[in-house]
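What follows is each chain in one-letter form.
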Amino acid sequence: RVMEPQEIREGYLVKKGTVLNSWKAVWVVLSDDGMEFYKKKTDHSPKGMIPLKGATLLTPCQDFGKRTLVFKITTDKKQDHFFQASHVEEREFWVKDIKRAIICLQGGKKFARKSTRRSIRLPDTVNLTELYTLMKDQDDGVKELKLEQDNRVFNHCFTGATVVEWLISNEKARNRPEALMLATGLLNEGFLQPAGDLAKDGAEAGEQTAFLDQTKALYYFADSGFFCEGYSSDEDVLVKEEFRGNIIKQGCLLKQGHRRKNWKVRKFILRDDPAFMHYYDPSKGDDPLGSIHLRGSVVTAVEYVPDAKKYDIDGNLFEIITSDEVHYFLQAATGEERKEWIKAIQAVSKSGK
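Thresholds applied
Residues numbered from 1 in each chain as written. Predicted model: local features only at pLDDT ≥ 70, side-chain atom pairs only at ≥ 80, totals over all residues. Heavy atoms only, no water. Axes fitted to C-alpha atoms, helices over the stretch in contact; angles between N-to-C directions. Helix = DSSP H or I, 4+ residues; strand = E, 2+ residues; numbered from the N terminus. Parallel < 35°, antiparallel > 145°, perpendicular 65-115°, else oblique. Contact = heavy atoms within 4.5 Å. Nonpolar A, V, L, I, M, F, W, Y, C, P; charged D, E, K, R; others polar. Buried < 20%, exposed > 50% of the residue type's maximum accessible area, 1.4 Å probe, protein only. Pairing = 2+ DSSP bridges.

Per an unreviewed UniProt entry, the protein is named Pleckstrin, and its organism is Seriola dumerili.

Which residues make up the packing of helix H2 (residues 128-135) against helix H4 (residues 176-188), and what values do they have?
One can describe the packing of H2 onto H4 by two numbers: an axis separation of 11 Å at closest approach and a directional angle of 100°. Judged by the angle between their axes, H2 and H4 are roughly perpendicular. Between H2, through Leu 128, Leu 131, Tyr 132 and Met 135, and H4, the contact on the second element is made entirely by Leu 182, Gly 185 and Leu 186. Partitioned by chemical class, the residues of the contact of H2 with H4 number six nonpolar, one polar and no charged.

So what about the pairing of strand E11 (residues 218-221)? Which residues, and what values?
Burial along E11 is two-sided: Leu 218 and Tyr 220 facing one way and Tyr 219 and Phe 221 facing the other are all buried. As defined by bridge partners, strand E9 (residues 152-159) adjoins E11 across two bridges and the pair is classed as antiparallel. If you follow Thr 159 over to E11, its bridge partner there is Leu 218. Strand direction decides the pairing type here: strand E10 (residues 192-194) and E11, joined by three bridges, are antiparallel. Each bridged residue has a counterpart across the sheet, and for Leu 192 the counterpart in E11 is Phe 221.

Explain helix H3 (residues 160-169) to me, and be specific about the residues and the numbers.
Among the residues making up H3, those that are buried are Gly 160, Ala 161, Val 163, Val 164, Trp 166 and Leu 167. Those residues of H3 that are buried are in contact with H2, E9, H4, E10 and E11.

Go over the sheet that holds strand E17 (residues 298-302) with me, naming the residues and quoting the values.
Read from one edge to the other, the open sheet built from seven strands follows the order E16-E15-E14-E13-E19-E18-E17, with strand pairing classed as antiparallel. One side of each edge strand has no neighbouring strand; the edge strands of this open sheet are strand E16 (290-293) and E17. Put simply, the sheet's adjacent strands are angled 35° from each other on average, direction ignored. In the packing of helix H6 (residues 335-351) onto the sheet, the strands contacted are strand E13 (247-256), strand E14 (263-271), strand E15 (276-280), E17 and strand E18 (317-321), and the crossing angle to E13 comes to about 120°.

Right, dumping it as structure tokens:
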């Protein structure tokens, strides 16, 4: 028999951004069936919710050389989330409770917890998880649309008014105030997330989290494919289309400069759809120095690169030629690593847009 986590576990952890690679401290709460994370402890609405049903946990996670004490949660939908604890005991506490939660959910039961965040009393008969499943039904649920607002396009989205009307027409609520209470419950529990500015302001204003019964207030399902063009929901910064793909591979390679032909260590991040490889100065942080668009590109191992010998660069070289004929020369640390990079880039150049 699995020991359930008795207390709710909550505390600050450092989380890696899903869009940008910035790590930020967030307030994390292990809830009935997921991990909610908040910008700060006093916030009423979570920035996100990671569903733990069917999730796997990897610890220790060695993906980030300099960062120790990282653990990785991979959701059922294959999304990776990375958290870093500040000391070993803290990581072990979190890991133990998350593992218990995952096993409890596998067995089909929620673990009991003493909640500190129930600001709204819902009728006891309401099971929000079941309600959420019905709302997400492909045929009879709330339709996910592409909605435009403030020069931005929100994909996989719907309005607050739509949710309220769906709840009434499906006889989940008798009237708008009751429907609003259910919708607010779904928002509080992290099942629904605010998308646009109006919905976010509602979620963060005042003591109570407010769900807005309005056609201008946009929301999305927590584990849907929501994304917003011209804008990132995750870090509140402008993000180019090219950062949207899943990260397939990352690591450091030597790269030949285009003008001066000198070689420098660069951190590379390979994404699949759209297919881009961004490179960074590893000592500088988050702004890429450049990107290589890989769709239709050719990548091959090469034995010789002009000017490379001058810099004592020899062996494990490879070349990317983009569809518009730009040549990039790179060097991996080992033959095996070169093979892995070439294979990954080839796969992405064929499939990614």
